[in-house]
Protein chains: 4
Amino acid sequence: MIVAMQEGAKDDQIQHVVEHLVKLGFAVHRTTGVLQTILAGVGARHDFDIRDLEMLPGVQEVYRVTAPYKLAGRSFRPEGTVIHLPHGVKIGGNEIVVMAGPCSVESRENLFRDAEVVAKAGAKGLRGGAFKPRSSPYSFQGMGEEGLKIMREAGDKFGLLVISEVMEISQIPLMMTYVDILQVGARNMQNFNLLRELGKIRKPILLKRGIAATIEELLLSAEYILSGGNYDVILCERGIRTFETYTRNTMDISAIPILKKLSHLPVLGDPSHGTGRRDLVAPMARASVAAGADGLLMEVHPNPDKAVSDGAQSLFPAQFDELMKQLRIIAPAVGRTIG
Amino acid sequence: MIVAMQEGAKDDQIQHVVEHLVKLGFAVHRTTGVLQTILAGVGARHDFDIRDLEMLPGVQEVYRVTAPYKLAGRSFRPEGTVIHLPHGVKIGGNEIVVMAGPCSVESRENLFRDAEVVAKAGAKGLRGGAFKPRSSPYSFQGMGEEGLKIMREAGDKFGLLVISEVMEISQIPLMMTYVDILQVGARNMQNFNLLRELGKIRKPILLKRGIAATIEELLLSAEYILSGGNYDVILCERGIRTFETYTRNTMDISAIPILKKLSHLPVLGDPSHGTGRRDLVAPMARASVAAGADGLLMEVHPNPDKAVSDGAQSLFPAQFDELMKQLRIIAPAVGRTIG
Amino acid sequence: MIVAMQEGAKDDQIQHVVEHLVKLGFAVHRTTGVLQTILAGVGARHDFDIRDLEMLPGVQEVYRVTAPYKLAGRSFRPEGTVIHLPHGVKIGGNEIVVMAGPCSVESRENLFRDAEVVAKAGAKGLRGGAFKPRSSPYSFQGMGEEGLKIMREAGDKFGLLVISEVMEISQIPLMMTYVDILQVGARNMQNFNLLRELGKIRKPILLKRGIAATIEELLLSAEYILSGGNYDVILCERGIRTFETYTRNTMDISAIPILKKLSHLPVLGDPSHGTGRRDLVAPMARASVAAGADGLLMEVHPNPDKAVSDGAQSLFPAQFDELMKQLRIIAPAVGRTIG
Amino acid sequence: MIVAMQEGAKDDQIQHVVEHLVKLGFAVHRTTGVLQTILAGVGARHDFDIRDLEMLPGVQEVYRVTAPYKLAGRSFRPEGTVIHLPHGVKIGGNEIVVMAGPCSVESRENLFRDAEVVAKAGAKGLRGGAFKPRSSPYSFQGMGEEGLKIMREAGDKFGLLVISEVMEISQIPLMMTYVDILQVGARNMQNFNLLRELGKIRKPILLKRGIAATIEELLLSAEYILSGGNYDVILCERGIRTFETYTRNTMDISAIPILKKLSHLPVLGDPSHGTGRRDLVAPMARASVAAGADGLLMEVHPNPDKAVSDGAQSLFPAQFDELMKQLRIIAPAVGRTIG
């Protein structure tokens, strides 16, 4: 906690800030320069609004020195977190893990066909949405529990992990029954009530970055889950909103190496949502791996033209197969392997 | 629905797109130019993903001609919506309506003091949060039902409308008991399950724009509520995320006249969240009114330095009083009055 | 200059940073906390790249405490700068100054008609472009010196200041002959060679904010001019680029009060470029004044439908007249008058 | 050119728009639907402001169907442009071309050392700035012509192409004498006067994307050069401004495959400016190649800690060497080789 006082700040203003800092639990060191005074508050407290200090008379600027997250920070586990999953899959280890499947579970037949395709190509996980609240109230809203059941069966049959999105606290018990990883979508990244509940369970959480969330905010949301005792959190970059309109979102590939540096948690890339266009999925999947991602989340559909949702960003099976071959070439460049 | 084919698109590609459009329910008109063919699909359907067309071979670009919202559009009610509320207050009418109060309800004593202050200065509504999920799990989480009860009592005593944020479907019945307007926060603007439920009730909803939401997306979220039969929706601009870091958000004042043009719904400005800094609240409140807002939502606290949350963006009572006087000068410039 | 060392930074790393700071001319104060060490560098130097410090081993974060500008800062002239111009006009004083005219000078006849209109309505300055480099090489490129000559004559005839954009160093002498205020466009805000030359002349400069420039960067560009000895700089907000696509740019009204707080320089709003749409010009002009602008720059054309450039954002004469009346109502709310 | 009329637009309004389109040189086809009328203008003209149509009474929305660029579009040269350079280097061919060197030329000794390092590691080009206008007027401003001369000598000695930034029209003759590729910096991407002059010369131009420029705007700027007859334009992604503050800019890796799709011009990535941080250069260089870049532009310095500018984003020689090895592993994944 650093407070830079304005040039010409008066002694009683400085004293007032010092007292405020002490009240917050900081030990305060004062540096008096020719032009201005700087106050350094040393201590462990993180839970305050720095704007309260900024508004005090005579204050020029306030800097929060320590990162507002602790458990999510790299220094908490310098060696990195490896998450152990069924079928011997590890996320965060040497092997890059690919999880693929349709946007939504549409039918038993389609899902089994898709699961077979992605398993054969080398994927370790099966993704698919069971609950799909859509912008139009008349659109397909997902198969619900039936969809989860089908995913579980397909996962068991083809030796794939099952990952699906949890949208509300009330869905957690259902998810616990069927899936191996619970996904938190970008829109829920700051749904703190949901995050708190997910901190209490003991299954891995894949946490997607919100489209307007900074890297620090993503780590703060992860902290929320970790602080509840659930240490198996996987981060996921899936595109941020910028002024560029050619793509739905701008996939921030640089977030991958930054997150790896700031945090010990595994980081995946989601090039399907990150770009919203099938023709960009393969280049951005390759870029994610080349930039150091621990894995990928992708949409693959047996027949994207007939998909009930997000067909435009789903790969054809042959494209996915080809992509996996390219990724196997790239992985050794970052000292990794891929299934 | 317009589809511009690429230069040199082949006949069977064009035919394929025509069939796709017909299958979606459109009547198709074909214009053949020297360089390219343009297909105009005429019809009423709105519920499809235009990217499915964009991905068809030979397609250059696709334009969704009709706005994706109907009930929220200005042409649905060209004269504008006026929402009638208790105490004879109308939102969307000639009078500009100000609703003010603390960020969170902290105690009966503080709230009553605040309610008295804002009522005397001319506010017609009392705002305050009862449920406050915070980024830190150790922070104050709000007074819950007790807070709502106190707000109701203060509202009744000082003749003020009561407005508070609903965060989850499960809180709706409680809100129905105590408040006059249910507020949907920026983070929930695309919580479609919640919006659907709010479409079924019969109390006004104040819908805040998400920090990464376009104006069109805000109107689409309003459409969700309207389509359920609840026509009393109030829109609210409260800042968007941009590259500028001096303020938390950049309050998009231009959204106010744009929303008034595109929609018949009333539009408020929230300069407290729009700027995050007390010293900017008054200028941006004045700007909102000058730009045509139907009202304002503001944070006022009897003692902002002691507020448990968001004190930095709360006005002192004397500042609020002074601001109301300035607004009374401005209102006639836009043909309005203020209480 | 504050350097926060990482938790666990080693003594020789800290020592290395201290030496680096000393070499840069700072006196260094060291604060050792339980978790981390903080170094405060006190001194006057501003001219270095803080990233060089960020890259040193063991460094967590670096904060530049003092604003990187001095002459442009409010503390340099707490009472505010008032720029004295011909015809007794003052910018930055009590009176709000409006400068209006066409996007480009098109003909003597049109310009004289426009000058008469804006003068009658109360404008004090005549704006117009003489050099118009356009995105298409086939578009109208401006009337050049002939256009400036016409502006000067019209200005003299109707008692209006003349303001026009300088695009290159080579145009400065020509501008000095004809105009009262030289305008630097948004695209040239960081053309440091041009800014340096403008620091050497003795005519006021109107400096527009770049569409991707932060408020601090605008002040740094102003500093460039001021440091050359030209203290008559006027700042101008004209829209920034955001994800919202309904308008060309998002006019950042909050920049007006922020600039007034951080700097002593006068601040104008340009709602024509700030929105790019005629129907938004009046609301945003009113908002600018309500937020504390010292003046406005606006496009008005005798017949916007026939304008050779930017007709879509030019007001009709009657609209401008009506707007000036509204502004006269608003000005007293901020303790100002308008001509 | 498509004009969607509002629901309920009147016949004379429609007729007025038709006449406007005809006057612009379009043949107009009219489609009358139940709700609204759509006008399709067919013709070759590109040079008009679509906002003039948007402002006509009764118009709902206007779509510019044809891309506003022609020569830069992929359909102009579907097979892609390959630029032939000295030393047998081709940009846009099968081999990925790396150009590296210091931010600024600082001394003959440093530059020769750097040139040797990058040549040995496999670079084909030597980059370096001779003119460095800086935000502070007191900073190092570059070695000027002397710097160019040194670059030329070093290039000749080590068999490297020479690339340097041209900042003003007046510098073009000097550049023609010494360099093989003239670079246009991000701040000059829309300096149309400069672009026009560069269209007249016959040396390749590397055009960097502005930090607030859309992909379409970058292609429009390229069109400006191409339309002058200079067809050897190389595009370069170097980061855009977003709300994320951890990096100076957000490098938009997806722009690489998008530009390759929309245009026939070669595309490079600049991970040094794209991230501004040395520790992110290697991951983003690998990502660029994996995403399909035709080459890279990078800052390498014999001793980054002592660099007079941008040392924080310059690689150490050993890091560059290691990176080149990784890129050789990745290149075959996209069917390419690297020197």
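Scroll up a little and you will see the structure.
Report on the accompanying structure. By convention here, each chain's residues receive numbers from 1 onward along its written sequence. To read the labels, note that chains go from A and ligands from 1, taken in the order they are written. Reporting in this predicted model follows two pLDDT cut-offs: at least 70 for local features of residues, and 80 or more for side-chain atom pairs to be given and counted; totals over whole chains, interfaces and linings ignore these cut-offs and use all residues.

Before going further, it helps to spend a moment on the overall build of chain A. A tally of helices and strands in chain A yields 11 helices and 15 strands. Overall, chain A is about 75 × 45 × 40 Å in size when its C-alpha atoms are taken along their principal axes. Note on burial: count the other C-beta atoms lying within 10 Å of the residue's C-beta; 20 or more is buried, 12 or fewer is exposed, in between is partly exposed, and C-beta positions come from the backbone. Looking at chain A residue by residue over its 339 residues, the buried ones come to 58%. For the purpose of contact definition, each residue receives a C-beta atom placed from its backbone, and two residues are in contact when these atoms lie within 7 Å. Residue pairs at least 24 apart in sequence account for 65% of intrachain contacts in chain A once pairs closer than 6 positions are excluded. Secondary structure counts use DSSP, requiring at least four H or I residues in a row for a helix and at least two E residues in a row for a strand, with both numbered from the N terminus.

All right, on to helix H3 (residues 108-121) of chain B then. Residue and element names in this part refer to chain B. In this model, H3 (14 residues) spans 20 Å end to end at C-alpha, consistent with the 20 Å of a helix rising 1.5 Å per residue. Taken residue by residue, H3 has Asn110, Leu111, Asp114, Ala115, Val117, Val118 and Ala119 as its buried positions. Phi turns positive, to about 115°, at glycine 122, one or two residues after H3. Here, expected helix span is obtained from the residue count minus one, scaled by 1.5 Å.

Turning our attention to the pairing of strand E7 (residues 95-101) of chain B. In summary, the side chains of a regular strand alternate between the two faces of the sheet. Residues and elements named next belong to chain B. Of all the 7 residues making up E7, 6 are buried; the element is thus mostly covered by neighbouring parts of the structure. Note: E7 against strand E15 (residues 337-338), 2 bridges, orientation parallel. Across the sheet, residue glutamate 95 finds its bridge partner in E15, namely threonine 337. Judged from the 5 bridges that link them, E7 and strand E14 (residues 295-299) form a sheet pairing that is parallel. At least two bridges found by DSSP between two strands are what make those strands a pair.

Taken residue by residue, the interface counts 33 residues in chain D and 33 residues in chain A. Elements that contribute at least two residues to the side of chain D that touches chain A include exactly helix H8 (255-262), helix H10 (278-290) and helix H11 (317-330) of chain D. No other element matches H10 of chain D, which puts 7 residues into the side of chain D that touches chain A.

Time to look at the sheet that holds strand E1 (residues 2-5) of chain B. Remark on secondary structure: sheet strands pair via backbone hydrogen bonds, oriented parallel or antiparallel. Residues and elements named next belong to chain B. In spatial order, the strands read E2-E3-E1-E4; together these 4 strands make up an open sheet with antiparallel pairing. Of all strands in the sheet, those bounded by a partner on one side alone are strand E2 (27-32) and strand E4 (59-63). Strand-to-strand twist of the sheet, defined as the mean angle between neighbouring strand axes without regard to direction, takes the value 20°. As judged from the 4 bridges shared by E1 and E4, these two strands associate in the antiparallel manner. The partner of valine 3 across the bridge, within E4, is valine 62. For helices, the fitted line uses only the C-alpha atoms of the stretch in contact; every axis is such a line through C-alpha atoms, and the angle between N-to-C directions lies from 0 to 180 degrees. Contacting E1, E2, strand E3 (37-42) and E4, helix H1 (residues 11-23) runs over the sheet at an angle of about 10° to E3.

Moving on: the relation of the copies chain D and chain A. Residues reaching a pLDDT of at least 70 in both copies supply the C-alpha atoms on which the copies are superposed by least squares. Superposing chain D onto chain A requires a rotation of 180° together with a translation of 0.0 Å along the rotation axis, leaving an RMSD of 0.1 Å. On this basis, the relationship between the two copies can be described by a two-fold rotation axis. When C-alpha positions in chain D are compared against the rotation axis, the closest is assigned to alanine 287 of chain D, at 2.0 Å. When the interface residues of chain D are mapped onto chain A, 100% of them again fall at the interface, so both copies present the same face.

This part is about the packing of helix H3 (residues 108-121) of chain A against helix H11 (residues 317-330) of chain A. Residue and element names in this part refer to chain A. Their axes nearest at 9 Å, the elements H3 and H11 cross at an angle of 20°. Put simply, H3 runs roughly parallel to H11. Between H3 and H11 the crossing geometry is right-handed. Of the residues in H11, those touching H3 at Val117, Val118 and Ala121 are Pro317, Phe320, Asp321 and Met324. Residues belonging to the contact of H3 with H11 are distributed by class as follows: 6 nonpolar, no polar and 1 charged. Here the angle decides the label: under 35 degrees means roughly parallel, over 145 means roughly antiparallel, 65 to 115 means roughly perpendicular, and every other value means oblique. Handedness of a crossing follows from how the near helix is turned relative to the far one, being left-handed for an anticlockwise turn of less than a right angle and right-handed for a clockwise one. The classification used treats Ala, Val, Leu, Ile, Met, Phe, Trp, Tyr, Cys and Pro as nonpolar, Asp, Glu, Lys and Arg as charged, and all other residues, Gly among them, as polar.

Counting 383 residues, the largest nonpolar core has Leu207 of chain A together with Leu207 of chain C as the members making the most contacts within it. The residues contacting leucine 207 of chain C, other than those within four sequence positions of it, are Val184, Met189, Ser221, Ala222, Ile225, Val233, Ile234, Leu235 and Cys236 of chain C. Each nonpolar core comprises buried Ala, Val, Leu, Ile, Met, Phe, Trp, Tyr and Cys residues, the members being joined through C-beta atoms within 7 Å. Leu21 and Val59 of chain B together with Met1 and Ala9 of chain D belong to the second-largest nonpolar core, a separate cluster that totals 33 residues.

Moving on, we get to the environment of valine 22 of chain A. Tracing the chain through its elements places valine 22 of chain A in helix H1 (residues 11-23). For valine 22 of chain A, a count of 13 C-beta atoms within 10 Å corresponds to the partly exposed category.

Residues and elements named next belong to chain D. Taken together, 4 strands build an open sheet; the order of strands is E2-E3-E1-E4 and the sheet is antiparallel. The open sheet has two edge strands with one neighbour each: strand E2 (27-32) and strand E4 (59-63). Neighbouring strand axes in the sheet, compared pairwise and without regard to direction, differ in orientation by 20° on average. Each of strand E1 (2-5), E2, strand E3 (37-42) and E4 is contacted by helix H1 (residues 11-23), which is oriented at about 10° to E3, the strand it contacts most.

For the rest of this paragraph, the subject is helix H8 (residues 255-262) of chain C. Among the 8 residues that make up H8 of chain C, 6 are buried, leaving the element largely enclosed by the rest of the structure. For H8 of chain C, the complete set of buried residues consists of Ala255, Ile256, Pro257, Ile258, Leu259 and Lys260 of chain C. On its buried side, H8 of chain C packs onto helix H10 (278-290) of chain B together with helix H7 (215-226), strand E12 (233-237), strand E13 (267-269) and helix H10 (278-290) of chain C.

Here we take up unusual backbone geometry. Residue and element names in this part refer to chain A. Positive phi, normally seen in glycine, also occurs at histidine 87, with a value near 60°. One can find histidine 87 in the loop between strand E5 (83-84) and strand E6 (90-91). On the neighbour-count criterion, histidine 87 (12 C-beta atoms within 10 Å) is exposed.

In this section: the environment of leucine 35 of chain A. Residues and elements named next belong to chain A. As for its placement among the helices and strands, leucine 35 is situated in the loop between strand E2 (27-32) and strand E3 (37-42). Residue classification places leucine 35 among the partly exposed positions, given that 16 C-beta atoms sit within 10 Å. Sequence-wise, leucine 35 and alanine 9 are 26 residues apart; in three dimensions their C-alpha atoms are separated by 9.7 Å.

Before going further, it helps to examine the packing of H10 of chain D against H11 of chain D. Residues and elements named next belong to chain D. Where H10 meets H11, the axes come as close as 10 Å, and the angle between the chain directions of the two elements is 25°. One finds that H10 runs roughly parallel with respect to H11. Seen from above, H10 lies across H11 with right-handed handedness. Two secondary-structure elements touch here, H10 through Ala282, Ala285, Arg286, Val289 and Ala290 and H11 through Gln319, Leu323, Gln326, Leu327 and Ile330.

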